[in-house]
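For reference, the chains in residue letters:
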Amino acid sequence: MINRVILIGRLTKDPELKYTSSGAAVGSFNLAVNRQFTNANGDREADFINCVIWRKSAENFANFTHKGSLVGIDGRLQTRNYENQQGRRIYVTEVVVDNFSLLESRGNDKGPNKAAINGKNTGTGTNQGNEMANKSQSDPFAGNGQAIDINDDDLPF
């Protein structure tokens, strides 16, 4: 039997980390995954997938991610059920995460403490902004979005 799930998406809120009575860490989070197509209005919709991660991986995930983080996860689909306080049977389907990857560097963090995260204490962060502007000016291919007109005679093959 095969039960594999691979997803790339953004966290809808900070992961919630708890511990079982035996001391095992368990993290839960919701992942927003964009659909590949647009709806009738031209908007891209997303699916919101419940995920759970266990033990040391859960602690690491909670320490290194936050709301909006772009992550890749690998796991399996699992269904569980329980009886709520009203006596109704509740069914839950979620992805149990085996592995995860952080898909953005911490330097892409847009939080207020960006300089501290990067290990640089630039005060207001203006030096870092100036460095980025200088790099983009020296790069002739830095994304101006314009199409390049290339003649077939210009190609080496």
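Residues numbered from 1 in each chain as written. Predicted model: local features only at pLDDT ≥ 70, side-chain atom pairs only at ≥ 80, totals over all residues. Heavy atoms only, no water.

Asker: I would appreciate a short explanation of the side chain of E94 in the present structure.
Answerer: One can find E94 in strand β6 (residues 89–102). Within the structure, E94 has its side chain in polar contact with the side chain of R80 (distance 2.8 Å). The contact partners of E94, leaving out residues within four places of it in the chain, are N50, V52, R76, L77, Q78 and R80. (Helix = DSSP H or I, 4+ residues; strand = E, 2+ residues; numbered from the N terminus. Polar contact = N/O pair within 3.5 Å; in protein donor to acceptor, adjacent residues only side chain to side chain. Contact = heavy atoms within 4.5 Å.)

Asker: Quick question: what am I supposed to make of the pattern of salt bridges here?
Answerer: In a structure, side chains of opposite charge can pair up when their charged atoms sit close to one another. Following the criterion strictly, the structure yields ten salt bridges and no others. With its nearest N and O atoms 3.2 Å apart, the salt bridge here joins E104 to R10. Residue E104 is located in the loop between β6 and α2 (114–117), and its partner R10 is located in strand β1 (residues 5–11); the two are separated by 94 residues in the primary sequence. Residue D47 pairs with R35 through a salt bridge whose shortest N-O separation is 2.6 Å. Here R35 lies in strand β3 (residues 25–38) and D47 lies in strand β4 (residues 44–54), a separation of twelve residues in the sequence. What makes D47 partly exposed here is its relative accessible area of 30%. Using a relative accessible area of 26% as the deciding quantity, one classes R35 as partly exposed. (Salt bridge = Lys/Arg side-chain N within 4 Å of Asp/Glu carboxyl O. Buried < 20%, exposed > 50% of the residue type's maximum accessible area, 1.4 Å probe, protein only.)

Asker: Can you walk me through the confidence of the model for the protein in this structure?
Answerer: Low-pLDDT portions of the prediction should not be read for the details of their coordinates. Mean pLDDT over the protein works out to 79, with 68% of the residues at or above the 70 mark. In this model, residues 111–136 is a region of pLDDT below 50 whose contacts with residues beyond four sequence positions or in other chains number 13 contacts. (pLDDT = per-residue confidence, 0-100.)

Asker: How should I be thinking about the pairing of strand β5 (residues 70–83) in this particular structure?
Answerer: Along any regular strand the residues' side chains alternate between the sheet's two faces. Looking at chain direction, β1 and β5 are connected through six bridges and run antiparallel. Opposite R10, over in β5, you have L70 as the bridge partner. Relative to β6, β5 is paired through 13 bridges, and the arrangement is antiparallel. Counterpart to V71 in the pairing with β6 is L102. Here β5 folds back onto β6 in antiparallel fashion, the turn holding five residues, of which G87 has a positive phi close to 85°. (Pairing = 2+ DSSP bridges.)

Asker: Sorry if this is basic, but what is going on with the environment of S69 here?
Answerer: For S69, the position within the fold is in the loop between α1 (55–64) and β5. Residue S69 is classed as buried on the basis of its relative accessible area of 8%. Sequence-wise, S69 and K13 are 56 residues apart; in three dimensions their C-alpha atoms are separated by 9.0 Å. Once residues lying within four places of it in the same chain are set aside, the contact partners of S69 are G9, R10, L11 and E104. There is a polar contact of 2.9 Å between the side chain of S69 and the backbone oxygen of H66.

Asker: Would you mind showing me how to read the packing of aromatic side chains here?
Answerer: Aromatic ring pairs are reported here in terms of the distance separating the ring centres and the angle at which the planes meet. Applying the stated criterion across every chain yields a total of two aromatic pairs. Geometrically, the ring pair formed by F29 and F61 is stacked, given 4.4 Å between the ring centres and 25° between the ring planes. Remark: F61 occurs in helix α1 and F29 occurs in strand β3; sequence separation between them is 32 residues. Summarising the burial analysis for this pair, F29 and F61 share the class buried. One aromatic cluster is present, built from ring pairs that chain together F29, F61 and F100. (Phe/Tyr/Trp six-rings, centres within 6.5 Å; stacked < 30°, edge-to-face > 60°.)

Asker: Can you walk me through unusual backbone geometry in this structure?
Answerer: Note: most residues except glycine have negative phi, and most peptide bonds are trans. Although it is not a glycine, R55 adopts a positive phi angle of roughly 60°. Here R55 shows up in helix α1.

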